[in-house]
Amino acid sequence: KFMLMNSFATSKDTLEALAKYEDLGAGEELEFVQNKAPKVDASDFSPASWAKEPAHEFCPPGHGDLYPAMLGSGTLDKLLKKGFKYMFVSNS
């Protein structure tokens, strides 16, 4: 089974690009989305603010978020219920 951990910033583009490969599946079969982490202002460590683009106030936390994202999204439970016991993870 092929599955991606994606970010809120890249999910839409990724799903659109992979839609032509029907064997991969779609939506929750193909990906789960990692959490969001707030950006901070380097000068005083306050939460970053971007009134014109509030989405820019957050960033994906990175590959260290794999296990919390799998658990929080329900992906771990879904895979376990389908009988998966092992997982190969690649950060490339």
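Right, let's walk through the structure included here. (Residues numbered from 1 in each chain as written. Predicted model: local features only at pLDDT ≥ 70, side-chain atom pairs only at ≥ 80, totals over all residues. Heavy atoms only, no water.)

Attention shifts here to the layout of surface pockets. Unoccupied space between atoms shows up once a probe the size of one water molecule is rolled over them. Looking at the largest pocket, its volume works out to about 800 Å³. Lining the largest pocket are 24 residues, with M3, L66, M87, F88 and V89 sitting closest to its centre. Elements with a minimum of two residues in the lining of the largest pocket: strand 1 (4–6), helix 2 (66–73) and helix 3 (75–81). Residue composition of the lining of the largest pocket, by class: 16 nonpolar, 6 polar and 2 charged. (1 Å grid on protein atoms, 1.4 Å probe; cavity = no way out; pocket = protein on both sides within 12 Å on 5 of 7 lines; lining within 4 Å. Points joined across faces, edges and corners; volume = space filled by probe spheres on them. Helix = DSSP H or I, 4+ residues; strand = E, 2+ residues; numbered from the N terminus. Nonpolar A, V, L, I, M, F, W, Y, C, P; charged D, E, K, R; others polar.)

With that settled, consider the pattern of salt bridges. As a working rule, side chains carrying opposite charge can pair if their charged atoms are close by. Under the definition given, this model contains 2 salt bridges. As a salt-bridge pair, E16 and K12 come within 3.2 Å of each other at their nearest N and O atoms. Here the residue E16 and the residue K12 both occupy positions in helix 1 (residues 11–18), the gap between them amounting to 4 residues, near one helical turn. With its nearest N and O atoms 2.5 Å apart, the salt bridge here joins K78 to E28. With K78 in helix 3 and E28 in the loop between helix 1 and strand 2 (31–33), this residue pair connects regions lying 50 residues apart in the sequence. The class of K78 is partly exposed, set by a relative accessible area of 38%. (Salt bridge = Lys/Arg side-chain N within 4 Å of Asp/Glu carboxyl O. Buried < 20%, exposed > 50% of the residue type's maximum accessible area, 1.4 Å probe, protein only.)

If you look at the biggest cluster of nonpolar residues, it comprises 5 residues: F32, L66, A69, M70 and L79. Counting residues per element, this core draws most heavily on helix 2, at 3 residues. Beyond its immediate sequence surroundings of up to four residues, L66 is in contact with M5, F32, M87 and V89. (Core = buried A, V, L, I, M, F, W, Y, C linked by side-chain atoms within 4.5 Å. Contact = heavy atoms within 4.5 Å.)

A few words on the environment of L79. One can find L79 in helix 3. In this structure the C-alpha to C-alpha distance between L79 and S43, which are 36 residues apart in sequence, comes to 43 Å.

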